[in-house]
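Topology and contacts: notes
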There are 2 protein chains.
Amino acid sequence: MRKVTYGGACSLDGFIAGKEGSIDWLHFSPDVQKFMAEFWPTIDTILMGRKTWDVSAAMGGGGAGGSGGMKTYVFSRTLKKSPSPDVELVTTDAVAFVKDLKRQKGKGICVMGGGDFARSLFEGDVIDEVGLNIHPILLGSGIPAFLDAGRRIALELEESRTIHGGCVLVTYRVRRAK
Amino acid sequence: MRKVTYGGACSLDGFIAGKEGSIDWLHFSPDVQKFMAEFWPTIDTILMGRKTWDVSAAMGGGGAGGSGGMKTYVFSRTLKKSPSPDVELVTTDAVAFVKDLKRQKGKGICVMGGGDFARSLFEGDVIDEVGLNIHPILLGSGIPAFLDAGRRIALELEESRTIHGGCVLVTYRVRRAK
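Residues numbered from 1 in each chain as written. Chains lettered and ligands numbered in written order. Predicted model: local features only at pLDDT ≥ 70, side-chain atom pairs only at ≥ 80, totals over all residues. Heavy atoms only, no water.

On to the sheet that holds strand 10 (residues 153-163) of chain A, then. The strand order 5(A)-4(A)-3(A)-6(A)-1(A)-7(A)-11(A)-10(A)-8(B) describes an open sheet built from nine strands, whose pairing is mixed. Each having just a single partner strand, strand 5 (88-90) of chain A together with strand 8 (137-138) of chain B make up the two edges of the open sheet. The pairing of strand 1 (residues 4-11) of chain A with strand 7 (residues 129-135) of chain A spans seven bridges and is classified as parallel. Bridged to Cys10(A) within strand 7 of chain A is Ile134(A). Against the sheet, helix 1 (residues 30-39) of chain A contacts strand 1, strand 3 (43-49), strand 6 (108-112), strand 7, strand 10 and strand 11 (167-174) of chain A, and its axis sits at roughly 130° relative to strand 10 of chain A. Contacting strand 3, strand 4 (71-75) and strand 6 of chain A, helix 2 (residues 50-58) of chain A crosses the sheet at an angle of about 105° to strand 3 of chain A. (Pairing = 2+ DSSP bridges. Helix = DSSP H or I, 4+ residues; strand = E, 2+ residues; numbered from the N terminus. Contact = heavy atoms within 4.5 Å. Axes fitted to C-alpha atoms, helices over the stretch in contact; angles between N-to-C directions.)

Here you go:
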């Protein structure tokens, strides 16, 4: 089974982006670059909700679609056609789609962006790992990394380490719902 | 100036208590005991909002009032008299009160409980240190450790370490608002 990792940078109060999607508080460092350089080769698929796609595309990121064979899926209930030739639109049930994807051959799968899309995958219990780069800031408002999935989700700490800039990198394995 | 520390145990999604104040998810360990044994002697004053007092009193805690010379203040805009002989009721402006307290002689001051009371002290910029024991669980809902203080609050990581049970202990210094 392929591993599904949800993660990204967040503030100590749990926002992955501030008001109006602001990410000017993000601290890039050689430590982050090294982590990404190690993590990136372990995945070949990126999943994101439509809102994250919008932000990513506006920033010129485009979900790394098409680069280095990274397959990118954008999930939406409202879009009728793919917003870019580099990404594939999924309009069917996200949990069922991801369950199917996990059974297919391939590398790891990365879920980007927080909010509603991540919540739906937590609700469906298809996320295997949570990785956060906790930044030393309280944003007060923004896009939450975690929304209420309707039940407690137990985690198991895999790793925790301090990196440059007072950021704390934590990785958890998700304990399966019983 | 006396140092004001805000902190406690929280879930990875930032709740200091679950629905209806539940704390059955808290993990006590020799590591936590050791930390508390080191921290406790550095403070002589506890501040808490009325809601936290209610929970604390219901659990028989009573804010450690009267024990070992620990002075406990309960802040409320609705109470007319102190809820216990062990604690002192404060009905005046919390920020002004804490500012005055910080100028007095004494040991460190600890703010207990999250939500509105902690927010008001962050708004007033009187908190100097944040200490969290991040537990490996997503609660989904409950009493948030941080509410929107209306501005970003920059922190400086002082320490981060993994302790028993997959908990991550982090301590931050609050950078003063400019």
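All names here are of chain A. Throughout the structure, instances matching the rule amount to 14 aromatic pairs over all chains. Between the aromatic rings of Tyr73 and Phe97, the centroid separation amounts to 5.0 Å while the plane-to-plane angle is 70°, which identifies the pairing as edge-to-face. In this pair, Tyr73 is assigned in strand 4 and Phe97 in helix 3 (residues 94-103), connecting sequence segments 24 residues apart. According to the relative accessible area criterion, Tyr73 is buried, its value standing at 9%. Arranged with centres 5.9 Å apart and planes meeting at 55°, the rings of Phe122 and Phe146 form a pair that is tilted. Remark: Phe146 occurs in the loop between strand 9 (143-144) and strand 10 and Phe122 occurs in helix 4 (residues 115-123); sequence separation between them is 24 residues. Each member of the pair Phe122 and Phe146 is classed as buried. Grouped by ring-pair contacts, the aromatic residues Tyr73, Phe75, Phe97 and Phe117 constitute a single cluster. (Phe/Tyr/Trp six-rings, centres within 6.5 Å; stacked < 30°, edge-to-face > 60°. Buried < 20%, exposed > 50% of the residue type's maximum accessible area, 1.4 Å probe, protein only.)

Take the interface of chain A and chain B next. With 29 residues of chain A in contact, the opposing surface of chain B contributes 29 residues. Approximately 2500 Å² of surface area, both sides summed, lies buried where chain A meets chain B, with 63% of it carried by carbon and sulfur atoms. When residues of chain A are sorted by the area they lose upon contact with chain B, Leu12(A), Leu138(A) and Arg152(A) head the list and together hold 28% of the total. Applying the counting criterion to the chain A and chain B interface returns eight residue pairs in polar contact (both at pLDDT 80 or more). The set of elements that each furnish at least two residues to the side of chain A that touches chain B consists of strand 7, strand 8 (137-138), strand 10 and strand 11 of chain A. Here the side of chain A that touches chain B takes six residues from strand 10 of chain A, the largest share from any one element. Bridging between strand 10 of chain A and strand 8 of chain B involves two bridges; their strand directions are antiparallel. Within strand 8 of chain B, the position partnered with Ala154(A) by the bridge is Ile137(B). (Buried area = accessible area lost by both parts, 1.4 Å probe. Polar contact = N/O pair within 3.5 Å; in protein donor to acceptor, adjacent residues only side chain to side chain.)

The next point concerns the relation of the copies chain A and chain B. Take chain A, turn it by 180°, move it 0.0 Å along the axis, and it overlays chain B with an RMSD of 0.0 Å. Expressed as an axis order, the relation between the two copies is that of a two-fold axis. In terms of proximity to the rotation axis, the leading residue of chain A is Gly14(A), whose C-alpha is 3.4 Å off the axis. Most of the interface of chain A is mirrored in chain B, where 100% of its interface residues are also at the interface. (Least-squares fit on C-alpha atoms with pLDDT ≥ 70 in both.)

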